[in-house]
Amino acid sequence: MRISGENRRFLFLQGPHGWFFNRLARMLRASGARVWRVGFNQGDALFWRDKAHYIPFDQPQDGWADFLRDCLHRHDITDIALYGDVRPLHAEAIAIARKAGITVHIFEEGYLRPYWITYERDGANGHSALMDISVPQMRRALKKYELELPDPPAHWGDMRQHIFYGAIYHFCVMALNWRYRHFRPHRDLSVGQEFRLYLKRLWLMPLHSLQRRVTTWRVRNGGFPYHLVLLQLEHDSSFRAHGPFDSQTEFLQIVFEGFARGAAPHHHLVIKAHPLEDGRAPLRQTITELTERHGLQGRVHYLRGGKLAALLNHARSAVTVNSTAAQQVLWRGMPLKIFGRAVYDKPEFVSKQPMDAFFARPKRPDARAYRDYRHFLLETSQVPGGYYSLGGRRQLMRHLVDMMLAPRDPYTAMMQGDAAHRQQLRMVR
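Source: prediction; values computed, not measured.

Reading the values: the criteria
Residues numbered from 1 in each chain as written. Predicted model: local features only at pLDDT ≥ 70, side-chain atom pairs only at ≥ 80, totals over all residues. Heavy atoms only, no water. Salt bridge = Lys/Arg side-chain N within 4 Å of Asp/Glu carboxyl O. Helix = DSSP H or I, 4+ residues; strand = E, 2+ residues; numbered from the N terminus. Buried < 20%, exposed > 50% of the residue type's maximum accessible area, 1.4 Å probe, protein only. Contact = heavy atoms within 4.5 Å. Core = buried A, V, L, I, M, F, W, Y, C linked by side-chain atoms within 4.5 Å. Phe/Tyr/Trp six-rings, centres within 6.5 Å; stacked < 30°, edge-to-face > 60°. Lys NZ or Arg CZ within 6 Å of the ring centre and 35° of its normal.

A. Representation of the pattern of salt bridges in the model. Taken as a whole, this structure holds 13 salt bridges when the rule is applied. Arg179 is paired through a salt bridge with Asp58; the nearest N and O atoms lie 3.6 Å apart. Within this pair, whereas Arg179 is found in the loop between α6 (158-175) and α7 (191-220), its partner Asp58 is found in the loop between β3 (54-56) and α3 (64-74), the two being separated by 121 residues in sequence. Residue Asp58 is classed as partly exposed on the basis of its relative accessible area, which comes to 28%. Residue Asp66 pairs with Arg69 through a salt bridge whose shortest N-O separation is 3.5 Å. With Asp66 and Arg69 both in helix α3, this residue pair falls three residues apart, about one helical turn. When its relative accessible area of 43% is taken as the criterion, Arg69 is described as partly exposed. Here the salt bridges do not stand alone but share partners, grouping Glu257, Arg261 and Asp356 into one network.

Put into structure tokens, the structure is as follows:
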């Protein structure tokens, strides 16, 4: 049957910063679908060119449910699309759409970053359908196809674009948002504070890069065994909605306590911040205090962002709440300890040892099982490309519209033996 967007009417809510949703809407219209966008602030309006199909939500947020129901009814919406499923406005929209029988398309950062993004239906991260699919089920699905494990595509270089578009977005919301005076960000900081943090991060990138290089060199050439702690943004939706901690401080306290009790006295602890860490959490102060409290002077190293691969290649184990960076840990067959809900939280991969026992003698994951799990993701929800760079968006368009117009979500289609062709990129050797 021919893939077509005829008789499909999409309503877009908030998306990644930049032009991704605008580009995706253009491709959907080419398929025959109609697309509208709800804008919550001037940042949303800036990155949406089709003003005839732009719907501003400039009311108090307690009127969102009625506003959305009216939009769905007035335009006879069949599908909604959004980025992140735990923002309050999005969570409410998903619940309303489900009751109305409307298909929900959810975008997230890639579970296998940095070369892919995530496309799912109904839920992502701790709400993903992956949470209920076992590794044996994935293996049975893969046996229906003769597929090779795809290689990662070319690097899109999205980080600078991500920060750049974020700064523009927050400037628009801070300085040009007169029409949307009722807008409230889904994070704790004000828009002005967010904008200043983006500018500060852009301004300090050269200094942070130098500090990162020096610290990385010291760790890689120090000649000591070390364990890696992968931090997340404290305001990250996965950390907050799918983890047991209210702050990074609570997480680090447990890690330091377990390391002091269980790790060999010549082992070190390397704490790696998220690449987008902007200083809103007092990480350096917390690490310094915990180091002194547990008598770990000279054995703790703090690394602000940077490439993960060079550190992982020499680490003994890794600990995180539920960072997607843990996928790189498992790919290398390293022991992993987590504390939150994550799509990779399978008994074959993740250690259930107490913290001190993990640092003393961490158990390795089942590498064969993880390879099958990773292969299943690459044939289903992981789409090569990126939201923020032009080349990344172009690559996404080769796959996404077909996936969105398909009758089944990627996981169901794969498990029923009805998965669409995926032209994964191959590296030329």
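B. Inspection of helix α1 (residues 20-30) at higher detail. Turning to α1, its buried residues are Phe20, Phe21, Asn22, Leu24, Ala25 and Leu28. In the core, the buried residues of α1 are packed alongside β1 (9-12), β2 (34-39), β4 (79-83), β5 (103-109), α15 (390-397) and α16 (400-405). Following α1 by one or two positions, Gly32 adopts a phi angle in the positive range, close to 110 degrees.

C. Molecular detail of the nonpolar core. Judged by nonpolar contacts, the single largest core of 100 residues is most densely connected at Leu11, Leu24 and Phe107. Once residues lying within four places of it in the same chain are set aside, the contact partners of Leu11 are Trp36, Arg37, Val38, Ile55, Leu68, Cys71, Leu72, Ile77, Asp79, Ile80 and Ala81. Membership of the second largest hydrophobic core comes to 25 residues, among which are Ala281, Val300, Tyr302 and Met355.

D. Summary view of the packing of aromatic side chains. This structure, assessed with the given rule, holds 28 aromatic pairs. Pairing Trp64 with Phe67 gives two aromatic rings, centres 6.0 Å apart and planes at 25 degrees, and the pair type is stacked. One end of the pair is Trp64 and the other is Phe67, both in helix α3 and three residues apart, which spans about a single turn. Exposure class is identical for Trp64 and Phe67. Each is buried. With a centroid separation of 5.7 Å and 75 degrees between ring planes, the pair formed by Phe251 and Phe339 is classed as edge-to-face. Pair noted here: Phe251 is in helix α9 (residues 248-262) and Phe339 is in the loop between β11 (336-338) and α13 (355-360), with a separation of 88 residues, a long-range link. Grouped by ring-pair contacts, the aromatic residues Phe12, Phe20, Phe21, Trp48, Tyr83, Phe107, Tyr119, Tyr387 and Tyr388 constitute a single cluster. In this arrangement the basic side chain of Arg49 is found over the ring face of Trp19, its NZ or CZ atom lying 4.6 Å from the centre.

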